[in-house]
Amino acid sequence: MLLNPNRLERQYPDRRSGEIMAAAVDFFESRGKARLKSDEHERVWYSDFLDFIGREHIFASLLTPAKYGGPDCRWDTYRISEFAEIMGFYGLSYWYPFQVTALGLGPIWMSANEDAKRKAAAQLQAGEVFAFGLSEQTHGADVYQTDMILQPAGPGRWTANGEKYYIGNANVARMVSTFGKIAGPHGTDEYVFFVADSQHERYDLIKNVVKAQNYVANYALRDYPVTEADILHRGPEAFHAALNTVNVCKYNLGWGSIGMCTHAMYEAVTHASNRRLYGTVVTDFTHVRRLLTDAYVRLVAMKLVATRACDYMRSASAEDRRYLLYSPLTKAKVTSDGERVITALFDVIAAKGVEKDTFFETVAREIGGLPRLEGTVHINIGLLAKFMPNYLFAPNNELPAIGRRDDAADDSFLFAQGPTGGLGKVRFHDWRAPFDSYAHLPNVAVLREQINVLAEMLASATPDAAQQKDIDFAFGVGQLFATVPYAQLILEEAPLSGVSEPLLDEIFALLVKDFNSYAVELNGKSSTTDDQARFATRMIRRPVHDPARYEQVWKEYVLPINGAYQMRL
């Protein structure tokens, strides 16, 4: 179930995709862990990595829609996801320039500016990276607010002034997709997305706001000339392009987390399996076995969810917008569970986890960034609540069943999503169907009971208007709800990935415990009513413990990780 760079096993319908993954692995393995860690500690700008990406035309192949690229070019979320996983496996510093390039390209591919699209395709082919100039120091990623203002300077010309903050790649990107407003009379400003060049004399690169290999820029445009040729979107289209770009790219954060956790898992299990304390092999301690098993099971669940969500991303259409739930779910739940995986592993390897020569030290320091990028976990869990009524209570059985989407297709709808909004109208298939398929597994049945109580609470002790506006309360309910589509995606992916039933039931034992913790948290919130608190208490269930199942998972899946992969020195 885990990525092993020594044995890349994902199947593709074309040779080029496999070549990209193998080349990426070879780049890092040839450099070795010592160089990787040294560059990180010395905060060396990764020009050699970007040179490699350009030389091999990797971003060009992965991030150019088929219409604007060569025969190997397409925006294919299936292969993008593995590349994002591999980048995370070797460090967030290398995942990051890929992620922000994808973000920067979003408003370009979504625009009607054909010249800008052809220019972007040419720059990708030349090895350039891109940037997404949305965030500002004062407003964060609040797209309703911006201090980047374009003043009219004649027909088809404007002058831009303002600053952007937290913008990756903005030190080198020749096309920085920048969000702002065109000033109009009497409060008639309109949103705009335009392209700026980081090498222009009116582009002021102020500083790097982080102490890392990455360059996360604070930049300013000072009387920067903008022409019609630079404009990507105006008016509501610019606003929609900002949100739709994030809808597409936030999904990649889950794969970055999966890659980081996988590398850390190899190090932690191998270390613990070859260490003796108090005359005992560390992996013979019962608490260590539980920590490592829980970490492994949680990581497998993360990968199952992200893999299945990919199928819905690729199958999206104006009539089927289920991806709008599964993308923020992947971003919020997979990345936050990644933190829990690393915490469990850290409790096993302890002091080893801070040694400067370990990859774990890097992951432990950086894993917390992913849940807090592209909107916090609270924001994304809150977004899920918009889908809750239709998802739980109004299934649409006419929606098509989605199979594995690993075909060599261009995911063109992702750049033609249209206006945002209307999330409360998105319909879903019946979440109960995959539960029915595995109803014979004890912990699947237990979680189903818990969900039934949640649905009963929402129907008969419905949160009132004040509670729905209370972000803290809504987050408590949202965590409970998020477990439902999370479990649904796991159950749908299990047969596609060939997951054994013992492993699957162990995953659901963990989900039952997670659901319990969310129910206890909801019970204790000050805004929870007495009636809702009673429902929360009723949700609590004891997972079904099976020593034979647990032992099978430990011996067949966790112990074999020992020595299965070690990065070249």
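- Identification of the protein chain as Acyl-CoA dehydrogenase from Mycobacterium haemophilum is taken from an unreviewed UniProt entry.
- Quoted verbatim from the Cofactor (unreviewed entry) field of the UniProt record, the comment on the protein chain reads "FAD".
- The protein chain has a UniProt comment under Sequence similarities (unreviewed entry) that states "Belongs to the acyl-CoA dehydrogenase family."

Some points on the UniProt feature "domain: Acyl-CoA dehydrogenase/oxidase C-terminal" (unreviewed entry) in the protein chain
Moving on, step 1. UniProt feature "domain: Acyl-CoA dehydrogenase/oxidase C-terminal" (unreviewed entry): in the numbering of this structure it lies at residues 239–387.
Moving on, step 2. Between the first and last C-alpha atoms of residues 239–387 the distance is 21 Å; the span itself is 71% helix and 3% strand.

Topic: unusual backbone geometry
Moving on, step 1. Of note in the backbone geometry, Arg 43 takes a positive phi value of approximately 55° without being a glycine.
Moving on, step 2. Position of Arg 43 relative to the elements: it lies in the loop between α1 (15–41) and α2 (47–55).
Moving on, step 3. For Arg 43, a relative accessible area of 40% gives the class partly exposed.
Moving on, step 4. With a phi close to 50°, Ala 350 is a non-glycine residue in the positive phi region.
Moving on, step 5. Looking at the secondary structure, you find Ala 350 in the loop between α10 (323–349) and α11 (359–366).

Concerning the packing of α1 against α2
Moving on, step 1. Between α1 and α2, the least distance of the axes is 11 Å, while the angle of their chain directions is 165°. Between α1 and α2, the crossing angle belongs to the class labelled roughly antiparallel. For the element pair α1 and α2, the recorded crossing hand is right-handed. Along the contact surface, α1 presents Ala 23, Ala 24, Phe 27, Phe 28, Arg 31 and Arg 35, while α2 presents Asp 48, Phe 49 and Phe 52.
Moving on, step 2. Counted by class, the contact of α1 with α2 contains six nonpolar, no polar and three charged residues.

Some points on the environment of Ile 80
Moving on, step 1. With respect to the helices and strands, the residue Ile 80 is situated in helix α4 (residues 77–90).
Moving on, step 2. Distance from Ile 80 to His 271, taken between C-alpha atoms, is 31 Å for residues 191 residues apart in sequence.
Moving on, step 3. Filtering out sequence-adjacent residues up to four positions away, Ile 80 remains in contact with Leu 62, Leu 63, Trp 75, Phe 98 and Asn 252.

Some thoughts on α2
Moving on, step 1. The set of residues buried in α2 consists of Phe 49, Leu 50, Phe 52, Ile 53 and Gly 54.
Moving on, step 2. On its buried face, α2 is in contact with α1, α3 (58–63), α4, α5 (92–109) and α6 (114–125).
Moving on, step 3. The first or second residue beyond α2 is His 57, which carries a positive phi of 55°.

Topic: the pattern of salt bridges
Moving on, step 1. Under the criterion given, the structure shown has 50 salt bridges.
Moving on, step 2. Across the pair Glu 40 and Arg 365 runs a salt bridge whose closest N-O atoms are separated by 2.5 Å. Highlighted residues: Glu 40 in helix α1 and Arg 365 in helix α11, separated in sequence by 325 residues.
Moving on, step 3. When its relative accessible area of 45% is taken as the criterion, Arg 365 is described as partly exposed.
Moving on, step 4. One salt bridge connects Arg 340 with Asp 337, and the closest N-O pair in it is separated by 3.7 Å. Placement of the pair is Arg 340 and Asp 337 together in helix α10, with a separation of three residues, close to one helical turn.
Moving on, step 5. For Asp 337, a relative accessible area of 2% translates into the label buried.
Moving on, step 6. Connected via shared salt-bridge partners are Asp 14, Arg 74, Asp 76, Arg 79, Arg 314, Arg 405, Asp 407 and Asp 411.

Let's talk about the domain arrangement of the protein chain
Moving on, step 1. Along its sequence, the protein chain is organised into domain 1 (15–129), domain 2 (132–234) and domain 3 (377–395 + 426–550).
Moving on, step 2. Relative placement of domain 1 and domain 2: their C-alpha centres are 23 Å apart.
Moving on, step 3. Across the contact, 26 residues belong to domain 1 and 23 residues belong to domain 2.
Moving on, step 4. When the two sides are added together, the surface that domain 1 and domain 2 hide from each other amounts to roughly 2,000 Å², 57% of it contributed by carbon and sulfur.

Describing the packing of aromatic side chains
Moving on, step 1. Applying the stated criterion across every chain, the model contains 38 aromatic pairs.
Moving on, step 2. Here Tyr 12 and Tyr 78 contribute two aromatic rings whose centre-to-centre distance is 5.7 Å and whose plane-to-plane angle is 65°, an arrangement assigned as edge-to-face. Taken together, the positions of Tyr 12 in the segment before α1 and Tyr 78 in helix α4 put the pair 66 residues apart, joining distant regions of the chain. Exposure class is identical for Tyr 12 and Tyr 78. Each is buried.
Moving on, step 3. Just above the ring of Trp 255 sits the side chain of Arg 10; from NZ or CZ to the centre is 5.5 Å.

Some details on helix α9 (residues 286–314)
Moving on, step 1. Its 29 residues give α9 an end-to-end C-alpha distance of 43 Å, which sits within 8% of 42 Å, the value for a rise of 1.5 Å per residue.
Moving on, step 2. By the criterion of burial, α9 is predominantly enclosed, with 25 of the 29 residues buried.

Observations regarding the side chain of Gln 213
Moving on, step 1. You can see Gln 213 is positioned in the loop between β6 (203–208) and β7 (216–227).
Moving on, step 2. In terms of polar contacts, Gln 213 uses its side chain to reach the backbone carbonyl oxygen of Val 44, at 2.9 Å.
Moving on, step 3. In this structure the side chain of Gln 213 is engaged in a polar contact, spanning 3.5 Å, whose partner is the side chain of Tyr 94.
Moving on, step 4. Setting aside chain neighbours within four positions, we find Gln 213 in contact with Asp 39, Glu 40, Arg 43, Val 44, Trp 45, Tyr 46, Ser 93 and Tyr 94.

Some points on the nonpolar core
Moving on, step 1. Residues Phe 83 and Phe 508 are the most contacted members of the largest nonpolar core, which totals 176 residues.
Moving on, step 2. Setting aside residues no more than four positions away along its own chain, Phe 83 makes contact with Ile 20, Met 21, Ala 24, Ile 53, Ile 58, Phe 59, Leu 62 and Phe 98.
Moving on, step 3. Counting 21 residues, the second-largest nonpolar core is a separate cluster that includes Ile 167, Ile 182, Ala 217 and Ile 231.

Things to note about the environment of Ala 122
Moving on, step 1. Mapped onto the elements of the fold, Ala 122 is located in helix α6.
Moving on, step 2. On the basis of relative accessible area, Ala 122 is assigned to the partly exposed category, the value being 46%.
Moving on, step 3. As a C-alpha pair, Ala 122 and Val 282 span 160 residues in sequence and 54 Å in three-dimensional space.

Thresholds, definitions, all that
Residues numbered from 1 in each chain as written. Predicted model: local features only at pLDDT ≥ 70, side-chain atom pairs only at ≥ 80, totals over all residues. Heavy atoms only, no water. UniProt positions renumbered as here; feature names shortened; annotations may be inferred. Helix = DSSP H or I, 4+ residues; strand = E, 2+ residues; numbered from the N terminus. Buried < 20%, exposed > 50% of the residue type's maximum accessible area, 1.4 Å probe, protein only. Axes fitted to C-alpha atoms, helices over the stretch in contact; angles between N-to-C directions. Parallel < 35°, antiparallel > 145°, perpendicular 65-115°, else oblique. Left-handed = near helix turned anticlockwise from the far one by under 90°. Contact = heavy atoms within 4.5 Å. Nonpolar A, V, L, I, M, F, W, Y, C, P; charged D, E, K, R; others polar. Salt bridge = Lys/Arg side-chain N within 4 Å of Asp/Glu carboxyl O. Domains from an automatic or database assignment. Buried area = accessible area lost by both parts, 1.4 Å probe. Phe/Tyr/Trp six-rings, centres within 6.5 Å; stacked < 30°, edge-to-face > 60°. Lys NZ or Arg CZ within 6 Å of the ring centre and 35° of its normal. Expected span 1.5 Å × (residues − 1). Polar contact = N/O pair within 3.5 Å; in protein donor to acceptor, adjacent residues only side chain to side chain. Core = buried A, V, L, I, M, F, W, Y, C linked by side-chain atoms within 4.5 Å.

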